[in-house]
Amino acid sequence: MSSSPLGLTEITNLLDGADDSWLFKGAESICSHVFGGEVFLRAIVEFSSHCRKNCLYCGLRNSNKQLSRYCLSPARILECVQSAAAENIGTVVLQSGEDSILTPQEFACLIVQIKKETNMAVTLSLGEQPEDDLFLWKEAGADRYLLKMETFDRELYGRLRPGCEFEKRLHSLTVLRKLGYEVGSGIISGLPGQSKEGLARDLLELTSLELDMISVGPFIPHPDTPLAGSAAGNTLEAMRAMAILRLLNPEANIPATSALEILDPGARSLSLSRGGNVIMSSVTPDDVGAGYNIYPGKNAVALEVREKLHAIKSDITLSGKFFSGNRGFSKRKD
Ligand code: 5AD
Ligand code: SF4
């Protein structure tokens, strides 16, 4: 098989399992070459489950009235961030549904405080937000922004994300880069209605964006959504997609996603030897964490930050890699 760049047919065949051994070995070899076995941890604080949108696949969708919503105060968010800093985690990801309970100014103050009190990189994952606010938060010290496209199939996007505009979201990625953020995006594999060739196209489109971080995680049906009865994504296919992304994007930060671990316990550690170099771990307080119910299983096990980290560190060791307290900035800029 030829080396990358891979074409659409080759990628589709690889997603179908044409040559797993070649694919996974190649992804591991590139990953080790670029990162030298270093695995970065990102602590996620899921500070608000409020969302104005209604994505058909997501448990936080506005129409899900089964969910009791919460929003943490800035003081509580800061406590979570400090608990992660105390464990030598280099990055915090502040994530929420797409809604504004905290004002943009309150949020900017929080970022300033985090940067003052810790040495952590700050990633924001707040959905589509006005450019003025994105600018304000960048000025306040935010380093990165994560905005997943979810799928590049425009028709599927329109169906699964009612009221959302594909082109507008894509444009936000350009705005984020212009503002100086490191930019991340990603997709869900195995979405109902997604074809293998569609997934292959997604991987090529993601690659053409030259992202600093890229993720692919399998679809998990949520019982309180219109997609409750759909089949879950295939975890082997999701791992193949991740490995292909590594071949196409040697220097990108690519996480071993939690959705993968939920569907297939053990997959997280395996992913670290198949192209993944990042693990994201929730440090949302237990009393609200289970309410951040994007998909079943998310934050289901209530563990102290230290215990969670211990489990993650053993996964990392199991994969032959080592945990790094570094902030893990993008290699694309080197
Ligand atoms: N299965 C898998 N991933 C999902 N997400 C949302 N709902 C699901 C689901 N049912 C992912 C999306 C979103 C992130 C917060 O969680 O990629 O961006
Ligand atoms: Fe809201 Fe994001 Fe879930 Fe869509 S995927 S409903 S925007 S939290």
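Above this text sits the structure in question.
As a starting point, this report considers the structure included with it.

Let's talk about the side chain of E46
Moving on, step 1. Position of E46 relative to the elements: it lies in strand 1 (residues 38–48).
Moving on, step 2. Within the local environment of E46, its side chain forms a polar contact with the side chain of T284, the two groups lying 2.5 Å apart.
Moving on, step 3. Filtering out sequence-adjacent residues up to four positions away, E46 remains in contact with Y70, Q95, S282, T284, Y292, K298 and N299.

Some details on the state of the cysteines
Moving on, step 1. Considering all chains together, one arrives at zero disulfides under this definition.
Moving on, step 2. The structure places no disulfide on C71, whose sulfur is separated from the nearest cysteine sulfur, that of C80, by 12 Å.
Moving on, step 3. By relative accessible area, which is 6% here, C80 ends up buried.

Overview of the site of ligand 2
Moving on, step 1. Close to ligand 2 lie C51, K53, C55, Y57, C58, L60, R61, G97 and R161, which account for all nearby residues.
Moving on, step 2. Placement of ligand 2 is best described as lying within the largest cavity.
Moving on, step 3. Tallied by class, residues from the shell around ligand 2 come to five nonpolar, one polar and three charged.

Thoughts on the environment of F166
Moving on, step 1. Within the secondary structure layout, F166 lies in helix 7 (residues 166–178).
Moving on, step 2. Along the sequence, F166 and E155 sit eleven residues apart, while their C-alpha atoms lie 9.4 Å from each other.
Moving on, step 3. Filtering out sequence-adjacent residues up to four positions away, F166 remains in contact with M149, T151, F152, R154 and Y157.

Cut-off values and rules
- Residues numbered from 1 in each chain as written.
- Chains lettered and ligands numbered in written order.
- Predicted model: local features only at pLDDT ≥ 70, side-chain atom pairs only at ≥ 80, totals over all residues.
- Heavy atoms only, no water.
- Helix = DSSP H or I, 4+ residues; strand = E, 2+ residues; numbered from the N terminus.
- Polar contact = N/O pair within 3.5 Å; in protein donor to acceptor, adjacent residues only side chain to side chain.
- Contact = heavy atoms within 4.5 Å.
- Disulfide = S-S within 2.5 Å.
- Buried < 20%, exposed > 50% of the residue type's maximum accessible area, 1.4 Å probe, protein only.
- Near = heavy atom within 4 Å.
- 1 Å grid on protein atoms, 1.4 Å probe; cavity = no way out; pocket = protein on both sides within 12 Å on 5 of 7 lines; lining within 4 Å.
- Sits in = over half its atoms within 2 Å of the grid points.
- Nonpolar A, V, L, I, M, F, W, Y, C, P; charged D, E, K, R; others polar.

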